[in-house]
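# Survey of secondary and tertiary structure
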Amino acid sequence: MSLFSLQSRTVLPLAAIVAVLTVAACKEWRATYSVPEGRHLLKKNKLDVEGDNLDESSMENVIRQQPNLSTLGIKFRLIVYNSIDSMKVEKIRLKKATKLRRKNEKRRNREIRINTRRRDRAMRRGKDTYFYRTIELKDTLNPKPSLLERMKYKFGEPPVIVDSFLFQKSKEQLSIYLHKKGYFYDTVTGYLDTVRKKKIIAHYKAITGPRYYIDSVVIVSTNRDVTNSFYNYIRKEPDDSPLNSPFHQFLAKQQPLHVPFDQDVLADYKNRVAQYMRNDAYYGFSPAHVKFIADTTKATMTVTLKIEFTDRIIRSEENPNEVITKRHAATKIERVYFHIADTSMYGGNFRATMEELQLELKKDNFLQTLDTLIYDDLMKKVSLPDSLKQKYKQTHYKSTVEKNIFGQPKDSIAQDRFRIATFLFNGKPVKRHGKDTLVMFVKPGLVEAQNYLENDNYYKEYYLDRSYNRLLQLGLFSIIKPVIEEVPGNKLIVHYYLVPAKKQSYSFEPRFTNSNGFLGASASVNYTNKNLFRSGWNTTVSMSGGFESQPAVFATTPDGQQVQQSGRSFNTFEFGPTIKFDLPGLFPVGVAKLDKRQRPRTILSAAYNFQQRPDFSRSVFQLNYLWKFYVGKTQVFSVGLPGASVIKFVALKKSPEFETRINSLNDLFLRNAYSDQFIWEDLKLVFDYDNINADDKKQRWRATTNVTVNLAGNLLYYGFRSMQSMDTSGHYQLFGVPYSQFALADGKATVYYDVNRRHTLAGRIMIGAGKPYKNTITSLPYDYSFYAGGANDNRGWVARTLGPGAYKYYLDTLRTVTQIGDIRFGGSIEYRLAKGKLIQSAVFADVGNIWTINGDPNREGGKISGKFYKQLGVAVGYGIRLDFSFFIFRLDLGIPLTNPALPDGSRWIFQSRDAYHKEIDDSDLTDEQIKKIPAPFAPHFHIGIGLPF
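Summarised in this report is the structure supplied together with it.

### Observations regarding the nonpolar core
Note on soluble globular proteins: their nonpolar side chains tend to be buried together. Counting residues in hydrophobic clusters, the biggest one holds 36 residues, and the most contacted among them are Phe338, Phe423, Val447, Leu453, Phe477, Tyr496 and Leu498. If you list the elements that add at least two residues to this core, you get strand 10 (332-340), strand 13 (371-375), strand 17 (421-425), strand 19 (435-439), helix 11 (444-448), helix 12 (461-474), strand 20 (477-487) and strand 21 (491-500). Those residues in contact with Tyr496, other than ones at most four positions away along the chain, are Val336, Tyr337, Phe338, His339, Asn451, Leu453, Leu464, Ser467, Leu471, Lys481 and Pro482.

Pasting the structure below:
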C-alpha cells in the first residue's frame, strides 16, 4: 500500500479513527485533574441576548474568561497539560541545569588552560600582549526546554479556573459593549451553574433595551476648505463607511437620517476621515482633529451628532518650547532629496576624507554624503554648477551652497517640472565621453521612478506609502526612512534616507516537497546579484538537484505482476542549472522611460533539467520571456513576449523494455505523452488577483484568482510551415522533433471567510480546457495536461488516478497509474476549525474529474460529453493539521461517495454493487486479476505539507 494513500477493502481506517476519538473522550475526566479542591473548571460560556439581534460572537469576545480550547468537543490541549506530571518536568529541568553547570565548569577550566598557554607563549617570545580567547558558556538561566516541558507548557493549556471577580468584570464589559452600541438602558445579569463535580457553566443574560439612533448631523468648522473636503468625501466615497451615504443624503436634504448610534463605528469613521484628508493634501491631519459631540433625546431615543473639525497644534519655529495653532491647508511638495548612505563606489578612504574636511562621519546616525547630483524630468543627470562646487582632490566635490535645517544644500532648481530629484551620495569618479562624472551604486532614474511625491505636486499620504513600498520592492535597500520637512508657505520637503542592501549573496537551500503525496528531497546552491549593471536587475543563478518518489507508469509489470506502490523509494533523480533575471521596466525599455503609474517588470529565465527514472531519462530545456504589470495592490497581469513567450524542448530516452511495451499497446495518447516534444508558445497570458492583506486583522472575506491562457505552435505552423520537414505520421518538425500546437485556458479561484476567530470557511473551484489541433491531433503535451486526485485535489482518490470521465480502470489490465486529460473541473470546500492554534482540523468535500477532448479507444468513456456532470467524483473527509508557523503538516482522510467509473446503479457508496460485480463477472479478467482490483470506495489517507488551497 502507498504510504500516502492507503487503500483498504474494509472500514478499518474508519474504525481506527473512531477508536482514537473514543479513547480521547474517555480521558475527558482528566480535564479536572489539576483543578484544586473547592475550585471549578470553566466548561463553557452561555450568552442569551434578548431584544435586538446583535452579533453574539463579538459579544462573547468581551467575556474575560474563555473556556479551554476544544476540538470535536474534546479538550486535547488541556488533557495533554494534565497528563504530564509537573514534578517530572521539574526534575528533568533541574537535572539538565546540573548538567549544564558541569559543562560550564569544564569550559571555564578549558578557557583558563588555553589562555595560560597563550600567555606563556607570548612571554617566551618577548611579547607584551596576547589574544585572550573567551569560550561561550551554556545558558543556565533560560535553557532550552525539554520535549515534555514544551508539550506541557507550550502546547498544553492549563485549566481555566472560574474567577468570580472576572465573572463580574465580564458582566460589566458586556454592559459597556452595549453602551457603545447605543443601548444606554441595557440590563446584564448572570449566574454560575455547577453541572458536574468541579465544572461550571457561566450563564450571561443581556437585555438590550431601546437603542439610540442618529437623526441629524451638524458640521462645525471655521475652515471652509476642510468642510468642502469633508463634503467631497461623503459624496465621492459613499461605500468607504456605512455612515457616508446616509450623511450625504441627509445633508443634501434628500431623505431623513436614521442611523444606529455606535461608538465603534464612529471611532473607525474618525480614522477614515483623517486618512481621506491626508490623501487630499492636508498634511498632519489626524483623528484628533475630528470631534464628535452627541446630544441625546430620551423621549425620541435620537441623537444629534455634531462633527467638529479643529485646527492643528504644532511647535513654534521661533520658539520650539511654545505651541501654536495652525489652520489646515493644502500642501505642496517643494523638493525631493535621496540620501544614499554608501561608500562602496567611493574612490578613496572615506574616513580619511571626512577627517581632512573636519566633518563627522555620521549625522543623526546616518552616514554623511559628499557628492550631489540632480536628476530632472528630461531623463538627464545634471551636476551642480561649477560655481557652486569646490574641487576636492580632483575626484569628489563638497557643495558650498546654502544649507537647510537638515544640513543639506538648497539649490536654485527650476520648479516647473515634476520629475526632479536631488541625490546626495558618495560617488565614484569616472570618465565618460571625455568628461569627469560621478557614478552612484544605482542609476538615479531607477530610484526616482519609485517616488510619487513629485516636485510642485500636492501631498497625498498614499503617495508616500506607495513610494516607500516601491523602493522596498526594488530590493536594493536594507533601510528606507522617509522624512517630511515642513517649510513656510504650506510647502514640504521630502527626504528619503536609504542604506543599500548587500548586493551579492550565496545561499544553500534544502527543500522537502510533497506533490500530491509524492515526497521529494532536494537542495540548491544559489548566487544572487540584486543590482546587476547598476540597473536593479535581480539575477539568480542556481544549481539544484534531488530525489523524488514518482509512481510507476503502468499498474502492472510486463509479466502481469501488480506494481507495489507502498514504501516506494526515491526512484527519481534530477538536477539542473537555472538562470533568472527579474528586471524593472519592459525590457528593453527601462523603467525611467515609463509612466510611474505603470510599474512593470520583465522576467527572463533559462533552465535545464535532467531527470532519471527507472523507465526513462528526461531532459528539458526551457526559455521564458514574460512582462508583468501590477494593477493596484491586488492584481497582476502577465504577458509573454508575443511570438516567443516560452520555448521548451523535452527529450526522452526510453529504456528498451519501456519502449517495447508502449509500442505494443498501439496507444497514440500514451505514445504522445512519452515522446520527444517541442513547444513554442506564441502567447502566454496570466491574470492573478489576491486581496489577502495579512496586516488587516478585520478582513473576513479574502479571495484569490489565477487565470492562464496559452497558445502554442501557431507561428511555426502558419508562418514557417513551408520551410519545415514532415515525419512519417504527417507532423511538421523543427530540429527533427514534431512541435505541439494547441490552445489552453486554465482558471482557479479560492474564497476564504472567517466565521469567527477560530473557524474559517474556504472554497475553491478549478476549470481548465485545452484543444490540440493541426500539428497535434491526439492530446495536449504531458506537462500541459490535467489530472485529478491527490492531497491537493480530490482527496477521495490517489494522486492522478481519478478519471478520465467514466473510464473503467478496473477492467483495463494494461492501465497506466497516471491518468491525464485535456479538460478539468474541480471544486472543494473546507470548514477549518481552531484557526491560529498549533492543532487545526477541517472537514471537507471535494468534487471533480478530468476528460479527454478526443476519443481514446484505450480509455473508453473518457471523452467529454453532455453527461459530464454525472461523471464527477465526490468525496468527503476529515483532516488534522499541525501549524509549526514555518510550515503546516497535514493528514487528511478522504472517502469517495461516488465513483464515476462504476456503472449506473452502483456509482454511489450507498447503492448496490450488483451492476459493478456483473461487469467484472462478464469480463475476461482472471481470478488473480479480480483480486487485485482496488476497492471502489476505499478511504485514502493523504500526507501534505501546507494547506491544500
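### With respect to empty space enclosed by the protein
Tallied over the entire structure, the rule returns eight cavities of 30 Å³ or more. Each pocket or cavity is described by its volume, and for the largest cavity that value is around 70 Å³. Along its surface, the largest cavity is lined by 15 residues, and Met766, Asp793, Gly826, Val847 and Gly848 are the ones closest to its centre. Put simply, the parts of the chain that give the lining of the largest cavity at least two residues each are strand 36 (760-772), strand 37 (823-833) and strand 38 (839-851). Of all the elements, strand 37 adds the most residues to the lining of the largest cavity, at five residues.

### Focus on the packing of aromatic side chains
Per the stated rule, a full pass over the model turns up 42 aromatic pairs. Consider the rings of Tyr506 and Tyr527, whose centres lie 5.2 Å apart with planes at 45°: the pair is tilted. Of the two residues, Tyr506 is situated in strand 22 (residues 504-515) and Tyr527 in strand 23 (residues 518-532); the sequence distance between them amounts to 21 residues. Look at Tyr506 and you get exposed, because its relative accessible area is 67%. Over the face of the ring belonging to Phe844 we find Arg795, whose NZ or CZ atom lies 3.8 Å from the ring centre.

### Side note on unusual backbone geometry
The omega torsion across Phe587 and Pro588 is 15°, close enough to zero to call that bond cis. By the element assignment, Pro588 lies in the loop between strand 25 (572-584) and strand 26 (601-612). Backbone torsion omega between Gly803 and Pro804 reads 0°, so that peptide bond is classified as cis. Relative to the assigned elements, Pro804 resides in the loop between strand 36 and strand 37. Non-glycine residue Met301 carries a positive phi angle of around 55°. Inspection of the secondary structure assignment puts Met301 in the loop between strand 6 (290-297) and strand 7 (302-309). Residue Met301 is classed as buried on the basis of its relative accessible area, which comes to 14%. Despite not being glycine, Asp364 shows a phi value in the positive range, around 55°. For Asp364, the position within the fold is in the loop between strand 11 (362-363) and strand 12 (366-367).

Cut-offs applied
Residues numbered from 1 in each chain as written. Predicted model: local features only at pLDDT ≥ 70, side-chain atom pairs only at ≥ 80, totals over all residues. Heavy atoms only, no water. Core = buried A, V, L, I, M, F, W, Y, C linked by side-chain atoms within 4.5 Å. Buried < 20%, exposed > 50% of the residue type's maximum accessible area, 1.4 Å probe, protein only. Helix = DSSP H or I, 4+ residues; strand = E, 2+ residues; numbered from the N terminus. Contact = heavy atoms within 4.5 Å. 1 Å grid on protein atoms, 1.4 Å probe; cavity = no way out; pocket = protein on both sides within 12 Å on 5 of 7 lines; lining within 4 Å. Points joined across faces, edges and corners; volume = space filled by probe spheres on them. Phe/Tyr/Trp six-rings, centres within 6.5 Å; stacked < 30°, edge-to-face > 60°. Lys NZ or Arg CZ within 6 Å of the ring centre and 35° of its normal.

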